Amino acid sequence: MSSQILKLAGKLGLSPDQEKDFLEAMQAGNRSRSALVITPKAPEDYVPPVPSDAVPRSWSHPRVIVLPERDAVAKPGSLPDYGQGFYYPLDLSSVWETAPLAHLPFRPERCLDMCASPGGKSILAQARVAPREHIANEVHPRRLGILRHNLLRCGFLNLYTQRLRPDQWAEQAPGCFDLILADAPCSGQSLLAKGIPNPGCFHAAATGGNAKRQRGILLAALQCLVPGGFLLYTTCTYAPEENERNVLYLLKRHPELETVSVPELEPFHSGLTEEACYRLMPFHGAGAGGFTCLLHKKGEKPPLPPLADELLAWPIHTMNSQVS
Ligand SMILES: C[S@@+](CC[C@H](N)C(=O)[O-])C[C@H]1O[C@@H](n2cnc3c(N)ncnc32)[C@H](O)[C@@H]1O
């Protein structure tokens, strides 16, 4: 066990037993947990041809099917129904991370997924709150292609994609969104709990560099958010500087922000702050882990300003309807 993991474990606000469980999980490297989101392409009452685990999870969603723990047999990504786009497979952590969306007091008029590829959070947002207009943005050209392919395959034809940097969004669409998803690039420490090597992910240069980039993304996202709107901040890493500390940084700088409590996530409340910040750890049995916090920009929501036409230039429905 590396000394860096041991050092990190001591910084996460865990009890001694949890710390032991965390270290065990990191060593085992087998804590991914698959889930499927049933898509609009699926026939009515569709049941995927995989075993499912019916344990109730108050933070999940009826359109999500959870696979049994460490199921080595079901390979949902290799079945014909996957090609048909009837479901989108992802780690259960992503489902958990989007649970706060159940507490939005309105159906979003317009959603921006700032860091969208390969598409899991956008697909979950569609299932959970069905924003009327929804732009899935990805800065990386190759990843943008993957995102568009996934959205098309799964039948999310009502979405648009874009490839602007967060600062370009802030300049071109201030106050234009009432829901923003910032599933930010991070040091990805939870990959280790899945058994995927991620050299350097505990190094201060990696966590510090990511924290800085995340703050840039979050500050730009805030400029795009209308008063009364919501920003969901999520990562798949454990480092406090990329999670709670970024939230506290925003709250200090932006008194118009508040965190939103999510009662069904209380068992996951971060031990590092009183704010409504939640941590999924690899010993919780719901995937490799992650962080989630829903921020509300206080104020009465005015009508959203119109978006420039060029921001809506890439609707999914204009792509060829056949994707192999
Ligand atoms: C954690 S992944 C997003 C996963 C996606 N939300 C999902 O659920 O499938 C982060 C994404 O942010 C993109 N990214 C990298 N640097 C960025 C930046 N400076 N601003 C915005 N997005 C960035 C990456 O290319 C990557 O696709």
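Think of each chain on its own: its residues are numbered from 1, step by step along the sequence as written. The model is predicted, so local features are restricted to residues of pLDDT at least 70 and side-chain atom pairs to those at 80 or more, both for listing and for counting; the totals for chains, interfaces and linings are taken over all residues. Values reported for side chains reflect all heavy atoms of the structure, with hydrogen atoms and water molecules removed beforehand.

In this section: the overall build of the protein chain. Secondary structure elements are defined from DSSP: runs of H or I of at least 4 residues count as helices, runs of E of at least 2 residues count as strands, and each element is numbered from the N terminus. Helices and strands together make up the secondary structure of the protein chain, namely nine helices and eleven strands. With C-alpha atoms as the basis for the radius of gyration, the globule rule is written as 2.2 Å multiplied by the number of residues raised to the power 0.38. Relative to the compact-globule value of 20 Å for 324 residues, the protein chain shows a C-alpha radius of gyration of 19 Å, a close match. Projected onto its principal axes, the C-alpha coordinates of the protein chain cover approximately 55 × 50 × 35 Å. Three labels apply to residues, based on accessible area from a 1.4 Å probe with only protein chains included: buried if under 20% of the type maximum, exposed if over 50%, partly exposed otherwise in between. Relative to its 324 residues, the protein chain shows a buried fraction of 56%. The contact rule is simple, with two residues in contact once any of their heavy atoms fall within 4.5 Å. For the protein chain, long-range pairs separated by at least 24 residues make up 77% of all intrachain contacts whose partners lie at least 6 apart in sequence. Areas reported here follow the Shrake-Rupley algorithm with a probe of radius 1.4 Å; residue values treat only the protein chains shown as occluding. Surface accessibility of the protein chain: about 14,000 Å² in total, with carbon and sulfur atoms responsible for 53%. Computed over 32 positive and 32 negative side-chain charges, the inter-centroid distance for the protein chain is 5 Å. Positive charges are assigned to Lys and Arg, negative charges to Asp and Glu, while His and the chain termini are left out of the count. Where a charge lies is defined by one atom per residue type: Lys uses NZ, Arg uses CZ, Asp uses CG and Glu uses CD.

Now for the UniProt feature "binding site: S-adenosyl-L-methionine" (unreviewed entry) in the protein chain. Under the UniProt annotation, the feature "binding site: S-adenosyl-L-methionine" (unreviewed entry) is placed at Glu 138 and Asp 183. Spanning 46 residues, the annotated positions come together in the fold, the maximum distance between their C-alpha atoms being 11.1 Å. Within the annotated group, the residues that form the lining of the largest pocket are Glu 138 and Asp 183. Within the secondary structure layout, Glu 138 lies in the loop between strand S5 (133-137) and helix H6 (141-153). On the accessibility criterion, Glu 138 (6% relative accessible area) is buried. With residues up to four places along the chain from it excluded, the contact list for Glu 138 reads Cys 115, Ala 116, Ser 117, Arg 143, Leu 144, Leu 147, Gln 162 and Arg 163. Any pair of N or O atoms that falls within 3.5 Å is considered a polar contact. Within protein, one atom must be able to donate a hydrogen and the other to accept it, and sequence-neighbouring residues count only if both atoms are side-chain atoms. Here Ser 117 takes part through its backbone nitrogen, which lies 3.2 Å from a polar atom of the side chain of Glu 138. Along the chain, Asp 183 turns up in strand S7 (residues 177-183). Once residues lying within four places of it in the same chain are set aside, the contact partners of Asp 183 are Glu 97, Cys 115, Lys 121, Thr 234 and Thr 235. One polar contact links Asp 183 to Lys 121, side chain to side chain, over a distance of 3.0 Å. UniProt positions are given in the numbering used here, feature names are shortened, and annotations may be inferred rather than shown by experiment. Points on a 1 Å grid, built from protein atoms alone, make a cavity when a 1.4 Å probe fits but cannot get out and make a pocket when they are open with protein on both sides within 12 Å along at least 5 of 7 lines; residues with an atom within 4 Å of a point are the lining residues.

The subject of this paragraph is the pattern of salt bridges. By convention in these notes, a salt bridge is any Lys or Arg side-chain nitrogen within 4 Å of a carboxyl oxygen on Asp or Glu. Inspection of every chain in the model, using the stated rule, returns nine salt bridges. Among the ionic pairs, Arg 132 bridges to Glu 109, the shortest N-O distance being 3.6 Å. One end of the pair, Arg 132, is in the loop between helix H5 (120-129) and S5; the other, Glu 109, is in the loop between helix H4 (92-97) and strand S4 (110-113), and 23 residues separate them in sequence. For Arg 132, a relative accessible area of 49% puts it in the partly exposed group. Note on Glu 109: relative accessible area 36%, which makes it partly exposed.

Turning our eyes to something else, we now look at the packing of helix H8 (residues 204-224) against helix H9 (residues 244-253). Every axis corresponds to a line fitted to the C-alpha atoms, with the helix fit spanning only the stretch in contact, and the corresponding angles, defined between N-to-C directions, vary from 0 to 180 degrees. At their nearest, the axes of H8 and H9 sit 10 Å apart, and the two run at 40 degrees to each other. Judged by the inter-axis angle, H8 sits oblique to H9. The two elements H8 and H9 cross, and the hand of that crossing is right-handed. Between H8 and H9, the contacting residues are Ala 211, Gln 214, Arg 215, Leu 218, Leu 219 and Leu 222 on the first element and Asn 246, Tyr 249, Leu 250 and Arg 253 on the second. Polar here means any residue outside two lists: the nonpolar Ala, Val, Leu, Ile, Met, Phe, Trp, Tyr, Cys and Pro, and the charged Asp, Glu, Lys and Arg; Gly therefore counts as polar. Class assignment of the residues belonging to the contact of H8 with H9 gives a composition of six nonpolar, two polar and two charged. Comment on the angle field: the value is read as roughly parallel under 35 degrees, roughly antiparallel over 145, roughly perpendicular from 65 to 115, and oblique elsewhere. Each crossing gets its hand from how the near helix is turned against the far one by less than a right angle, where anticlockwise is left-handed and clockwise is right-handed.

We call a set of buried residues a nonpolar core when its members are Ala, Val, Leu, Ile, Met, Phe, Trp, Tyr or Cys and they connect through side-chain atoms within 4.5 Å of each other. Trp 169, Phe 177 and Leu 231 are the most contacted members of the largest nonpolar core, which totals 35 residues. Secondary-structure elements contributing two or more residues to this core are helix H7 (166-172), S7, H8, strand S8 (225-235), H9 and strand S11 (290-297). Among the elements that take part in this core, H8 stands out by supplying seven residues, more than any other. Excluding anything up to four places from it in sequence, Trp 169 contacts Leu 112, Met 114, Ile 135, Asn 137, Gln 162, Leu 164, Pro 174, Phe 177, Cys 224 and Leu 311.

The next point concerns unusual backbone geometry. For the bond from Ser 117 to Pro 118, the omega torsion is 10 degrees, close enough to zero to count as cis. Unlike most non-glycine residues, Asp 45 shows phi in positive territory, near 60 degrees. Its identity as a non-glycine residue notwithstanding, Ala 130 has a phi of 40 degrees, on the positive side. Inspection of the secondary structure puts Ala 130 in the loop between H5 and S5. Overall, Ala 130 belongs to the partly exposed group, its relative accessible area being 26%.

A few words now on the site of the ligand. The near set for a molecule or strand comprises every residue that places at least one heavy atom within 4 Å of it. For the ligand, the set of nearby residues contains 17 residues, the closest of which are Cys 115, Gly 120, Glu 138, Arg 143 and Asp 183. Ser 117 places a polar main-chain atom, nitrogen or oxygen, 3.3 Å from an oxygen atom of the ligand. Contact distances for the ligand include 2.6 Å between an oxygen atom and a side-chain N or O atom of Glu 138. When the free accessible area of the ligand is taken as 600 Å², the share hidden by the protein chains comes to 82%. Broken down by secondary-structure element, the contributors of at least two residues to the shell around the ligand are H5 and H8.

Another aspect to go through is H5. Burial analysis of H5 places ten of its ten residues in the buried class, the great majority of the element. Where H5 is concerned, the buried positions are Gly 120, Lys 121, Ser 122, Ile 123, Leu 124, Ala 125, Gln 126, Ala 127, Arg 128 and Val 129.

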